[in-house]
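Coordinates in review
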Amino acid sequence: LSVNTFYPPTVYVLTGLLKTIMGAGRQFDIAVHVFYTFLLSASLFLTCRLLNFTLLSAACAAILVNSYPEISSLNHIFMLDFPAVSAASVGIFLLTYWWRKPTWINAILCGILIGFCCLTKQIVAAFLLGPGFFYFVQIIRNKGALPQKTMLAQIFLLAGSTAATGAPWLLVNYKAM
């Protein structure tokens with residue numbers, strides 16, 4: 001048994017757990033894609049709702065995202081790209097959830113879950129830097145729900161939790177990247 005040192009382990013672990021529960025075969029492969037499609041659609045829908053979009057527009061976004069040609073094609077081949085798209089969407093939802101409901105617990109939990117999203121494929125971290133930086137700038141502009149110092153401390157805690165989640169894999173495998 002060996003573990004790929006170039007790609008992070010989240011997809012392999014999650015797929016392995018699902019395979020243990022559901023068994024092997026083509027039906028399993030389809031079920032895994034349905035799971036990632038659900039993550040993508042649900043996280044996009046919930047992000048839209050957190051951003052005060054109407055129920056109809058959030059539902060349309062969640063449905064229409066799957067009609068994009070690249071999403072559709074990625075959904076028909078089993079590579080890390082489709083899970084990475086889903087993980088990026090989940091990560092954006094988690095950042096937005098923390099922004100709308102900033103608590104110390106949410107900062108830690110969202111940070112850990114974002115860390116697992118980043119362990120889907122390395123590029124997910126790059127996709128989440130933009131929204132993270134956006135919220136950081138909003139804090140600097142004092143646009144947060146809590147006092148600026150509290151929001152700064154929480155976003156650094158969130159980032160630290162994310163880094164701590166990914167650090168063990170990164171430290172062991174950085175030479176392969």
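The model shown is predicted, which means the values in this text are computed figures rather than measured ones.

Turning our attention to the pattern of salt bridges. Scanning all chains against the criterion turns up one salt bridge. Notably, a salt bridge pairs aspartate 81 with lysine 121, separated by 2.4 Å at the nearest N-O pair. Residue aspartate 81 is located in helix H5 (residues 81–100), and its partner lysine 121 is located in the loop between helix H6 (104–118) and helix H7 (123–140); the two are separated by 40 residues in the primary sequence.

The subject of this paragraph is the packing of H7 against helix H8 (residues 148–173). Put simply, H7 and H8 touch, their axes get as near as 9 Å, and they point 160° apart. In terms of axis orientation, H7 runs roughly antiparallel to H8. As for how H7 packs across H8, the hand of that crossing is left-handed. Here Gly132, Tyr135, Phe136, Ile139 and Ile140 of H7 come into contact with H8, specifically with Gln148, Met151, Leu152, Ile155 and Phe156. Taken together, the residues of the contact of H7 with H8 break down into eight nonpolar, two polar and no charged.

Another point: the packing of aromatic side chains. Tallied over the full model, the rule gives six aromatic pairs. Relative to tyrosine 36, the ring of phenylalanine 35 has its centre 5.4 Å away and its plane inclined at 65°; by these criteria the two rings are edge-to-face. A relative accessible area of 28% places phenylalanine 35 in the partly exposed class. Aromatic pair tryptophan 99 and tyrosine 135: ring centres 5.0 Å apart, planes at 25°, arrangement stacked. Taken together, the residues tryptophan 99 in helix H5 and tyrosine 135 in helix H7 connect sequence positions 36 residues apart. Grouped by ring-pair contacts, the aromatic residues Trp98, Trp99, Phe134 and Tyr135 constitute a single cluster.

So, on to the side chain of glutamine 154. Mapped onto the elements of the fold, glutamine 154 is located in helix H8. Non-local contacts of glutamine 154, meaning those with residues more than four positions away in its chain, are made with Trp98, Pro102, Thr103, Trp104, Ala107 and Leu146.

Moving on: the nonpolar core. Of all hydrophobic cores here, the largest spans 22 residues; its most connected members are Leu94, Trp98, Ile114, Val124 and Leu158. Residue assignment for this core shows that the elements contributing at least two residues are H5, H6, H7 and H8. With nine residues, H5 is the single largest residue contributor to this core. Setting aside residues up to four positions removed in sequence, leucine 94 forms contacts with Cys110, Leu113, Ile114 and Cys117. One finds Tyr36, Leu40, Val65 and Leu80 within the second-largest nonpolar core, a separate group that totals 11 residues.

Time to look at unusual backbone geometry. Leaving glycine out, the prevailing phi sign among residues is negative, and the prevailing peptide bond configuration is trans. Backbone geometry at asparagine 52 places phi at a positive 70°, although glycine is not the residue there. Assignment of secondary structure puts asparagine 52 in the loop between helix H2 (26–50) and helix H3 (55–64). Owing to a relative accessible area of 61%, asparagine 52 belongs among the exposed residues under this scheme. Its identity is not glycine, yet asparagine 142 carries a phi of approximately 60°, on the positive side.

The rules we used
- Residues numbered from 1 in each chain as written.
- Predicted model: local features only at pLDDT ≥ 70, side-chain atom pairs only at ≥ 80, totals over all residues.
- Heavy atoms only, no water.
- Salt bridge = Lys/Arg side-chain N within 4 Å of Asp/Glu carboxyl O.
- Helix = DSSP H or I, 4+ residues; strand = E, 2+ residues; numbered from the N terminus.
- Axes fitted to C-alpha atoms, helices over the stretch in contact; angles between N-to-C directions.
- Parallel < 35°, antiparallel > 145°, perpendicular 65-115°, else oblique.
- Left-handed = near helix turned anticlockwise from the far one by under 90°.
- Contact = heavy atoms within 4.5 Å.
- Nonpolar A, V, L, I, M, F, W, Y, C, P; charged D, E, K, R; others polar.
- Phe/Tyr/Trp six-rings, centres within 6.5 Å; stacked < 30°, edge-to-face > 60°.
- Buried < 20%, exposed > 50% of the residue type's maximum accessible area, 1.4 Å probe, protein only.
- Core = buried A, V, L, I, M, F, W, Y, C linked by side-chain atoms within 4.5 Å.

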